[in-house]
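Take a look at the letters that make up each chain.
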Amino acid sequence: MIYSLAIFLYMLAVIVISPFHRKARTLVRGHIDTFRILRSKIDRNARYVWFHAASLGEFEQGRPLIERFRREHPEFKILLTFFLGKGVTSIGERVFYDCDGLTSIVIPDAVTSISNYAFYSCSNLSSVTLGKDVTSIGSYAFEYCDGLTSIVIPNAVTSIGESAFYSCSNLSSVTIGKGVTSIGSYAFEYCDGLTSIV
């Protein structure tokens with residue numbers, strides 16, 4: 001109870017000073033944006049368990065728990081949120097490798113690259129929103145993401161790596177931005193459901 005009261009008072013203070021303090025204003029906007037995005041992305045008829053990590057490192061520490069929960073309680077969808085610091089400009093190699101609990105991700109605008117194998121074999125990943133500043137999608141970045149049904153590649157992207165979307169069997173629609181100048185070998189190989197590339 002004391003913890004909850006302290007958190008409430010802290011957030012109240014942040015809201016009060018936010019018009020006068022840049023970091024407080026960023027925190028308030030971040031919370032508002034998070035809940036707006038969540039409301040637009042979740043299935044209101046599904047049952048969720050929400051895991052929040054304050055950083056990618058914290059996510060890595062909690063990942064075994066999330067994966068165990070997923071195995072033991074398949075009736076629940078996993079809602080995973082975490083905040084990327086302002087300095088994060090790249091989704092690192094293998095960060096979400098084989099993370100079957102990941103169902104939706106929104107890449108913020110500050111991120112410019114998605115590294116090799118970043119979301120490899122995230123079989124339940126069904127929604128990916130790429131920020132407008134992403135310029136490259138690494139090799140095997142979304143390979144075997146069977147839940148993915150559509151992807152919009154922003155105009156800033158210039159390269160899509162080898163096998164980036166290889167064997168995304170339910171991928172049916174791809175919109176490729178105007179800036180793409182290089183698409184690696186097998187980028188969309190075995191995307192058997194693919195019916196539209198714009």
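Residues numbered from 1 in each chain as written. Predicted model: local features only at pLDDT ≥ 70, side-chain atom pairs only at ≥ 80, totals over all residues. Heavy atoms only, no water.

Focus on the sheet that holds strand β12 (residues 196-197)
Sheets are built from strands paired through backbone hydrogen bonds, the pairs being either parallel or antiparallel. Taken in spatial order, the three strands line up as β8-β10-β12 in an open sheet, and their pairing is parallel. Sheet topology places β8 (150-153) and β12 at the edges, where each strand pairs with a single neighbour. (Pairing = 2+ DSSP bridges. Helix = DSSP H or I, 4+ residues; strand = E, 2+ residues; numbered from the N terminus.)

Topic: a nonpolar patch on the surface
There is a patch of nonpolar side chains on the surface, built from Leu5, Phe8, Leu9, Leu12, Val16 and Ile17 and spanning about 570 Å² of accessible area. Structurally, the position occupied by Leu9 is in helix α1 (residues 2-17). The class of Leu9 is partly exposed, set by a relative accessible area of 45%. (Patch = residues over 30% accessible without salt bridge, like charges linked within 9 Å, V, L, I, M, F, W, Y side chains within 5 Å. Areas by Shrake-Rupley, 256 points an atom, 1.4 Å probe, with all protein chains shown as cover. Salt bridge = Lys/Arg side-chain N within 4 Å of Asp/Glu carboxyl O. Buried < 20%, exposed > 50% of the residue type's maximum accessible area, 1.4 Å probe, protein only.)

A look at the sheet that holds strand β11 (residues 182-183)
The sheet built from five strands is open, its strands ordered β3-β5-β7-β9-β11 with parallel pairing. Edge positions in the sheet fall to β3 (90-91) and β11, since each of these pairs with one other strand and no more.

Re the pairing of β8
In β8, alternate side chains face the same way, and those of Ile151 and Ile153 are buried while those of Ser150 and Val152 on the opposite face are not. Judged from the four bridges that link them, β8 and strand β10 (residues 173-176) form a sheet pairing that is parallel. Within the sheet, the bridge partner assigned to Ser150 lies in β10 and is Ser173.

Section: the pattern of salt bridges
Here the structure, examined in full by the defined rule, presents three salt bridges. Residue Glu72 pairs with Arg68 through a salt bridge whose shortest N-O separation is 2.8 Å. Of this pair, Glu72 and Arg68 both sit in helix α3 (residues 56-72), separated by four residues, roughly a single helical turn. The exposure class of Arg68 is partly exposed, given its relative accessible area of 49%.

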